[in-house]
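A look at the structure
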Amino acid sequence: MNVIEKSGVVISSLLAAVTFLTAFTFTDVPEHTVYVALILLFVSGFSFSYVHSSSPVVYLQLFFVISCPLLIVIDPVEIGLYGWDSNHSFVATQQLLSGSSAWEVLQTHRDRPILFILVAILYKVTESPLISISKYIPIVTSLTPIFTYLIARTFGTPKQAVGVGFATAILRMMFLFESKYVPEALAIPMLYMGVFMYFIQFRQWSEKKSSYTSNMLILCVSVVALTHSMATVSIILLFGLIALSERMKLGSKNKINPSTNSRLLLVSVFACVIFAVVFVFLDSRTFRVLVLSLLNPSPGGSVGSDGTAPDLLQLFIANVQLLVILAFSILNGLVLLPGYDVKSWEIGVLVYNGIFIGLFGLQSVFGAITPLDPTRTLIFSVPTLVLLALRVLDGLKTNISLPARRQIGVFLIIIFAVVQVAAVPPHIMYSDPTDESLKEGHRSSQERDAAVWANHYSDSLVVGEKKDLWKYFGGNKYSDPYFNVCPSKSLLVDRPGYKLDVSYNHGRIYDNGGLSLNYCLTNN
């Protein structure tokens with residue numbers, strides 16, 4: 001490691017230290033310091049890696065960029081697990097450890113149990129607290145940008161690989177959703193490890209060399225299939241489209257054939273049909289929720305995860321993200337121009353990107369009435385979207401110089417990174433174990449105590465926000481409060497600044513200062 005590489009590591013280490021100190025409130029600093037530190041960490045690591053793209057230090061820079069926000073969200077200072085879904089997975093793991101079969105867990109919780117089995121094995125082997133293993137197992141997600149970097153290196157230049165790796169590392173949902181204890185946290189790195197193995201095998205086949213990655217490829221695909229439905233759809237679709245495009249020879253050598261455009265249309269239609277069928281079959285629950293939400297939109301509509309309308313800053317961030325994704329999508333479309341020597345496999349990737357970006361656009365348009373976050377879709381498409389865009393910028397025959405074209409790619413990636421960091425809510429970015437916000441995050445000690453108390457001293461139905469707290473963590477019978485109904489003899493959750501539109505005619509039976517439990521004696 002030379003002096004320049006050492007300097008890059010030192011700078012990233014210092015910025016990571018500042019980020020952690022700020023986020024975990026070990027020092028009194030201005031509110032937006034952690035945002036600035038994360039953006040500087042990305043810009044510093046990306047700039048160094050782009051200039052020294054062949055250096056092995058790139059791997060370390062990628063690890064810094066993904067691990068810092070990931071640990072901030074997981075948050076060792078906060079109590080318990082992050083996110084609404086994590087407690088659901090935790091209960092599933094407890095059920096597995098209590099003697100239930102994997103099939104019973106699948107039937108009860110509707111989640112594929114490979115991650116739960118892995119955590120149960122770690123629990124038995126290490127004898128560490130189950131809550132600690134569940135809290136930190138999502139760190140495996142930090143391997144994802146490294147795999148996407150390796151994917152891009154297989155067929156692209158080192159600079160293209162750096163762009164793809166860093167765009168993946170800073171993707172908001174990489175550290176806001178994959179930081180949860182959910183099956184997807186394992187499925188995503190295994191997905192891109194599988195794609196990397198496939199690309200290696202594909203290159204070896206193209207060069208008529210013997211393949212040595214078949215067993216690893218089969219292992220990755222098997223783990224993905226047994227872990228997460230949408231990741232399974234993604235990997236099957238990508239592999240199928242690349243193979244089909246190669247089989248139909250849709251590359252530049254066949255552009256003079258008038259049937260090429262019709263072949264491309266045929267591949268696109270085929271992919272959309274297969275995607276729809278597989279999506280409905282493997283993820284029918286999400287499909288039903290989407291259809292029902294479109295048919296029965298909630299009054300007023302909302303795009304916030306907590307049911308509130310977004311403020312102007314959120315709208316601005318969302319619009320900038322849309323513009324950046326649109327720019328990358330337009331660059332993808334340029335592979336069809338005569339000035340670009342397109343490979344057949346790139347046509348398959350183009351169709352794949354078009355499907356997922358189309359889904360992203362659909363969910364962005366209908367975001368006010370569907371429960372699906374469009375950014376989740378980007379986890380499956382940003383690496384291939386950026387890869388194809390950067391390849392076009394490097395390979396397109398135009399009057400614009402190569403350095404100028406590469407600067408366009410760098411500019412888009414940096415803007416994308418700033419938007420991703422700015423969109424993270426402050427209550428997630430900063431540690432506060434006493435916070436009882438209704439938004440997604442950690443649960444305070446007061447809330448956890450109330451859930452345990454309700455389970456221990458009452459068998460009544462609990463009516464209130466935070467299903468993960470009352471049902472999955474506390475083990476209580478639970479009812480959503482959205483219908484403003486409080487059945488007789490149920491417990492109504494009340495908290496400062498929040499009030500359900502129902503009345504109860506009995507005094508409080510529990511109050512810890514943060515929230516209270518109140519009996520409903522008649523139906524309201």
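These remarks concern the structure in this document. The structure displayed is predicted, hence computed values, not measured ones.

The next subject is the packing of aromatic side chains. Counting across every chain of the model gives 13 aromatic pairs. We note Lys 159 situated over the ring of Tyr 50; from NZ or CZ to the ring centre the distance is 4.6 Å.

Further remarks concern the packing of helix α4 (residues 84-97) against helix α6 (residues 114-126). Any two packed helices are characterised by how steeply their axes cross, that is the angle between the axes, and by the distance between the axes. In contact at an axis separation of 9 Å, α4 and α6 are set at 60° when each is read in the N-to-C sense. Classified by the angle their axes make, α4 and α6 are oblique. α6 is crossed by α4, and the crossing has right-handed handedness. Residues Ser 89, Ala 92, Thr 93, Leu 96 and Leu 97 of α4 touch α6, and the partners they reach there are Phe 116, Ile 117, Val 119, Ala 120, Tyr 123 and Lys 124.

We now examine the packing of helix α8 (residues 144-155) against helix α9 (residues 158-169). It is at 8 Å that the axes of α8 and α9 come closest, and there the two elements cross at 155°. Here α8 lies roughly antiparallel to α9, going by the angle between them. As α8 runs across α9, the sense of the crossing is right-handed. Every residue of α9 that contacts α8 at Thr 144, Pro 145, Thr 148, Tyr 149, Ala 152 and Arg 153 is listed here: Pro 158, Gln 160, Ala 161, Val 162, Val 164, Gly 165, Thr 168 and Ala 169. Taken together, the residues that form the contact of α8 with α9 break down as eight nonpolar, five polar and one charged.

Compared with an ideal rise of 1.5 Å per residue, which puts twelve residues at 16 Å, α9 spans 16 Å between its outermost C-alpha atoms and is within 8% of the ideal. Burial analysis of α9 places ten of its twelve residues in the buried class, which makes it a mostly covered element. Taken residue by residue, α9 has Gln 160, Ala 161, Val 162, Gly 163, Val 164, Gly 165, Phe 166, Ala 167, Thr 168 and Ala 169 as its buried positions. Those residues of α9 hidden inside the fold are in contact with α2 (33-51), α3 (57-74), α8, α10 (172-176), α19 (382-395) and α20 (402-422).

Rules behind the numbers
- Residues numbered from 1 in each chain as written.
- Predicted model: local features only at pLDDT ≥ 70, side-chain atom pairs only at ≥ 80, totals over all residues.
- Heavy atoms only, no water.
- Phe/Tyr/Trp six-rings, centres within 6.5 Å; stacked < 30°, edge-to-face > 60°.
- Lys NZ or Arg CZ within 6 Å of the ring centre and 35° of its normal.
- Axes fitted to C-alpha atoms, helices over the stretch in contact; angles between N-to-C directions.
- Helix = DSSP H or I, 4+ residues; strand = E, 2+ residues; numbered from the N terminus.
- Parallel < 35°, antiparallel > 145°, perpendicular 65-115°, else oblique.
- Left-handed = near helix turned anticlockwise from the far one by under 90°.
- Contact = heavy atoms within 4.5 Å.
- Nonpolar A, V, L, I, M, F, W, Y, C, P; charged D, E, K, R; others polar.
- Expected span 1.5 Å × (residues − 1).
- Buried < 20%, exposed > 50% of the residue type's maximum accessible area, 1.4 Å probe, protein only.

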